[in-house]
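So you can see what is in the structure, the chains are spelled out below.
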Amino acid sequence: MSTVKLTVNGKAVSVDVEDRTLLVHVLRDHLNLTGTHVGCDTSQCGACVVHMDGKAVKSCTMLAGQADGSSVTTIEGIAKGDELHPMQAAFRDNHGLQCGYCTPGMIMSAIDIVQRHHSQGSGGQLDEATVRQELEGNICRCTGYHNIVKAVLDAAGRMKVAQAAE
Ligand code: FES
Ligand code: FES
């Protein structure tokens, strides 16, 4: 057993876990943050994506101990109270989901994609081909990706406006 200390969605937490415990299981089973999903056991589907120190990671692919000391954000931590994150709002407005199983991971990956492109100074001008390529680690079995890509492109614009207003 080891003690793992994390900041999750802004709150300090400490959990005692077996050394083999994956980060996704700490989030879901110990912290009850079940918005992070498990869709495979092969690191392929991306349903489990969270942010660790601001970067997208597949939480099924990381031991909890590897995350010790880091700051983790899950899908539960991105809205501001009742106000959805611009990426969540764009998924809703563009019908970027059907069953919703992949959606938390899609959204966490998509935020990382947009943030990286904004910080590279590309002005948020993500194109469709880039979004499709960047999302290759996230699998959706429902939507055929078209509306997901539309949502990400829409959110890129919204996040740029939100950033400029800060
Ligand atoms: S559950 Fe993590 S990649 Fe599928
Ligand atoms: S919306 Fe159902 S798996 Fe993506």
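Treat the numbers as computed from the prediction; the structure is a model and nothing was measured.

J.: Please explain the packing of helix α2 (residues 86–93) against helix α5 (residues 146–165) as it appears in this structure.
T.: For any two helices packed against each other, one specifies the crossing angle of their axes together with the interaxial distance. As a packed pair, α2 and α5 sit with axes 8 Å apart at the nearest point and diverge in direction by 140°. One finds that α2 runs oblique with respect to α5. Both α2 and α5 take part in a crossing whose hand is right-handed. Seen from α2, the contacting residues are P86, M87, A89, A90, F91 and D93; seen from α5, they are I148, A151, V152, D154, A155, R158 and M159. Considered class by class, the residues forming the contact of α2 with α5 number 10 nonpolar, no polar and 3 charged.

J.: Just to check I follow, could you spell out the side chain of T143 for this structure?
T.: When you line up the elements, T143 lands in the loop between α4 (128–134) and α5. Accessibility expressed as a relative area gives 18% for T143, which makes it buried. When residues no more than four places from it in sequence are discounted, the contact partners of T143 are G96, L97, Q98 and I148.

J.: Even after reading the chapter, I still don't get the sheet that holds strand β1 (residues 2–8), so can you show me in this structure?
T.: As summarised here, the arrangement of the 5 strands in space is β2-β1-β5-β3-β4, forming an open sheet in which the pairing is mixed. Each edge of the open sheet is held by one strand with a lone partner, namely β2 (11–17) and β4 (55–58). Each strand axis lies, on average, 40° off the axis of its neighbour in the sheet, ignoring direction. Taken together, the 2 bridges between β1 and strand β5 (residues 71–73) define a ladder with parallel strand orientation. If you follow T7 over to β5, its bridge partner there is S71. Helix α1 (residues 23–30) rests against β1, β2, β3 (49–52) and β5 of the sheet, and its axis sits at about 105° to β2.

J.: Whenever I open this one, the pattern of salt bridges confuses me. Can you help?
T.: It is possible for side chains of opposite charge to pair when their charged atoms get near one another. Under the counting rule described, the total for this entry stands at 7 salt bridges. Here R20 ties to E18 by a salt bridge, and the two come within 3.0 Å at their closest N and O atoms.

J.: Explain α1 to me, please; I cannot follow it from the model alone.
T.: One turn of an α-helix holds 3.6 residues; hence residues three or four places apart share an orientation. Looking only at α1, the buried set comprises L23, V24, V26 and L27. Along α1, the residues classed as buried sweep out an arc of 165° about the axis, all on the same side. Those residues of α1 that are buried lie in contact with β1, β2, β3 and β5. N32, located one to two residues past α1, shows a positive phi value of around 60°.

J.: I tried to follow the nonpolar core on my own but got confused; where do I start?
T.: Soluble globular proteins tend to bury their nonpolar side chains together. The biggest cluster of nonpolar side chains holds 25 residues, and the ones touching the most others in it are M87, F91, M106, I107, V114, L135 and V152. Residue assignment for this core shows that the elements contributing at least two residues are α2, α3 (103–119) and α5. Excluding anything up to four places from it in sequence, M106 contacts F91, L135, N138, I139, C140, Y145 and I148. The next biggest cluster of nonpolar side chains, apart from the first, holds 17 residues, and it includes L6, V13, V50 and M52.

The rules behind each value
- Per-chain numbering applies: the sequence of each chain, read as written, is numbered from 1 onward.
- The order in which chains are written sets their letters, starting at A; the order in which ligands are written sets their numbers, starting at 1.
- In view of the model being predicted, local features appear only for residues whose pLDDT reaches at least 70, and side-chain atom pairs are presented and counted only at 80 or more, with totals across whole chains, interfaces and linings using the full set of residues.
- As a rule here, side-chain values cover all heavy atoms of the structure and leave hydrogens and water aside.
- Throughout, an axis means a line fitted to C-alpha atoms (over the contacting stretch in the case of helices), and angles, computed between N-to-C directions, take values from 0 to 180 degrees.
- Going along the chain from the N terminus, every DSSP run of H or I of four or more residues is numbered as a helix, and every run of E of two or more is numbered as a strand.
- These descriptions rest on fixed angle ranges, namely under 35 degrees for roughly parallel, over 145 for roughly antiparallel, 65 to 115 for roughly perpendicular, and the rest for oblique.
- Crossings are classed by handedness, with left-handed meaning an anticlockwise turn of the near helix from the far one by less than a right angle and right-handed meaning a clockwise turn.
- Should any heavy atoms of two residues lie within 4.5 Å, those residues are considered in contact.
- When residues are sorted by character, Ala, Val, Leu, Ile, Met, Phe, Trp, Tyr, Cys and Pro go into the nonpolar class, Asp, Glu, Lys and Arg into the charged class, and all the rest, Gly among them, into the polar class.
- When accessible area is computed with a 1.4 Å probe and restricted to protein chains, residues below 20% of their type maximum are described as buried, those above 50% as exposed, and intermediate ones as partly exposed.
- We treat two strands as partners when DSSP finds at least two bridges between them.
- Think of a salt bridge as a Lys or Arg side-chain nitrogen and an Asp or Glu carboxyl oxygen that are within 4 Å of each other.
- By construction, the arc corresponds to the directions joining the helix axis to the C-beta atoms.
- Only buried residues count toward a nonpolar core. Its members are Ala, Val, Leu, Ile, Met, Phe, Trp, Tyr and Cys residues joined through side-chain atoms within 4.5 Å.

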